[in-house]
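Observations on chain architecture
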Amino acid sequence: MPCREKDGRFYGPGVLDMKAGIVMALAAIRALGELGRGAGQNQPRPVTLLLNPDEEVGSHVSRPITERLALASAAVLVLEPAQGLACKTARKGVGEYRLHVTGVAAHSGVDFERGHSAILELARLLQTVAGFTDLKLGRTVNPGVISGGTRSNVIAEHAYAQVDVRIAKASDAAKVERLFRGLRCADPHCTLEVTGGLNRPPMERRPGTIALYKQARKLAAELGFNLAEAATGGGSDGNFTAALGVPTLDGLGAVGEGAHATHESVVIEHLIPRTALLAALLASI
């Protein structure tokens with residue numbers, strides 16, 4: 001996956017999500033400094049740049065730092081990739097539940113009737129779990145990983161599933177938790193353990209974020225381009241800051257495609273205008 005430039009794009013590992021966003025942040029801050037608007041000069045507020053390495057695995061270590069800095073800030077600008085050409089004013093909350101069924105192992109040829117399959121029980125449970133999806137509420141539930149058993153001639157004693165959950169409203173979190181904690185095995189010889197839960201609260205489209213978006217849209221128009229807004233099912237650290245009530249504008253990073261894929265790329269022509277917008281936002285907040 002070599003770094004290269006072709007047909008107006010930069011290609012390379014992580015170039016969109018989110019090395020380009022880091023470059024944009026550094027360039028915008030440097031530009032403000034060169035224009036005499038750096039921290040300690042005419043900048044209304046200091047700028048804090050936070051880069052953390054664990055966002056893709058849940059931000060378990062960095063979350064308290066992110067939240068502490070957000071609460072001390074007037075606004076949060078997240079340089080995740082754009083949604084097409086749009087910034088993001090709403091994101092779904094993200095959770096993961098793990099189901100572990102324990103059954104009774106037995107030889108499938110010799111002692112079939114003595115066995116109680118964890119795999120069959122988990123399959124029943126996943127049919128129920130799939131029914132937790134409610135598209136009208138913006139809730140999706142996806143059993144994405146499943147494993148179990150040891151050999152085909154052994155009735156499975158253990159089976160596991162990892163389930164991805166997305167919710168649009170924070171008010172839905174308690175309902176989802178009750179649904180998962182209320183799961184029960186139909187076979188009385190099997191037991192179920194449910195772990196996990198919601199990891200990121202939803203980033204809801206609230207007044208502070210709407211006002212910040214309108215400010216960004218006005219500045220973008222002055223720079224000669226239109227900045228639309230969008231909602232997405234993916235999560236970011238902006239979910240944490242928005243849930244605290246801090247105005248948060250996400251997706252201010254690069255325009256491109258293929259995040260996490262071998263064709264990941266950034267459209268070069270959008271880098272400078274969007275970096276100029278970032279600098280203008282920093283100067284105006």
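Read on for a plain summary of the structure. (Residues numbered from 1 in each chain as written. Predicted model: local features only at pLDDT ≥ 70, side-chain atom pairs only at ≥ 80, totals over all residues. Heavy atoms only, no water.)

By the secondary structure assignment, Lys88 is in strand E4 (residues 87-91). At 5.1 Å, Glu80 is the nearest oppositely charged side chain to Lys88, a buried residue that forms no salt bridge. Among the polar contacts listed, one links the side chain of Lys88 to the backbone oxygen of Pro81, at a separation of 3.0 Å. Residues within four places of Lys88 in sequence aside, it is in contact with Pro81, Ala82, Gln83, Met203, Ala230, Thr232, Leu249, Asp250 and Gly251. (Helix = DSSP H or I, 4+ residues; strand = E, 2+ residues; numbered from the N terminus. Buried < 20%, exposed > 50% of the residue type's maximum accessible area, 1.4 Å probe, protein only. Lys, Arg positive; Asp, Glu negative; His and termini not counted. Salt bridge = Lys/Arg side-chain N within 4 Å of Asp/Glu carboxyl O. Polar contact = N/O pair within 3.5 Å; in protein donor to acceptor, adjacent residues only side chain to side chain. Contact = heavy atoms within 4.5 Å.)

Our next topic: the sheet that holds strand E1 (residues 4-6). Read across the sheet, 4 strands follow the order E1-E2-E14-E13 without closing on themselves; strand pairing throughout is antiparallel. Of all strands in the sheet, those bounded by a partner on one side alone are E1 and strand E13 (256-257). Direction of pairing for E1 relative to strand E2 (residues 9-11): antiparallel, over a ladder of 3 bridges. Each residue of the ladder has a partner; that of Glu5, found in E2, is Phe10. (Pairing = 2+ DSSP bridges.)

This part is about a nonpolar patch on the surface. On the surface, Ile22, Leu26, Ile29, Val47, Leu49 and Leu51 cluster together to form a nonpolar patch covering roughly 460 Å² of accessible area. When you line up the elements, Ile22 lands in helix H1 (residues 15-34). (Patch = residues over 30% accessible without salt bridge, like charges linked within 9 Å, V, L, I, M, F, W, Y side chains within 5 Å. Areas by Shrake-Rupley, 256 points an atom, 1.4 Å probe, with all protein chains shown as cover.)

Within the structure shown, the criterion is met by 2 aromatic pairs. Residues Tyr97 and Phe180 carry aromatic rings whose centres are separated by 4.0 Å and whose planes lie at 0° to one another, so their mutual orientation is stacked. Highlighted residues: Tyr97 in strand E5 (residues 93-102) and Phe180 in helix H4 (residues 173-181), separated in sequence by 83 residues. Taken as a pair, Tyr97 and Phe180 share a single burial class, namely buried. Seen from their ring centres, Phe132 and Phe180 are 5.3 Å apart, and the 75° between their planes marks the pair as edge-to-face. Residue Phe132 is located in the loop between helix H3 (118-130) and strand E7 (140-148), and its partner Phe180 is located in helix H4; the two are separated by 48 residues in the primary sequence. The same class applies to Phe132 as to Phe180, namely buried. Here the aromatic cluster, defined as three or more aromatic residues joined through ring pairs, consists of Tyr97, Phe132 and Phe180. (Phe/Tyr/Trp six-rings, centres within 6.5 Å; stacked < 30°, edge-to-face > 60°.)

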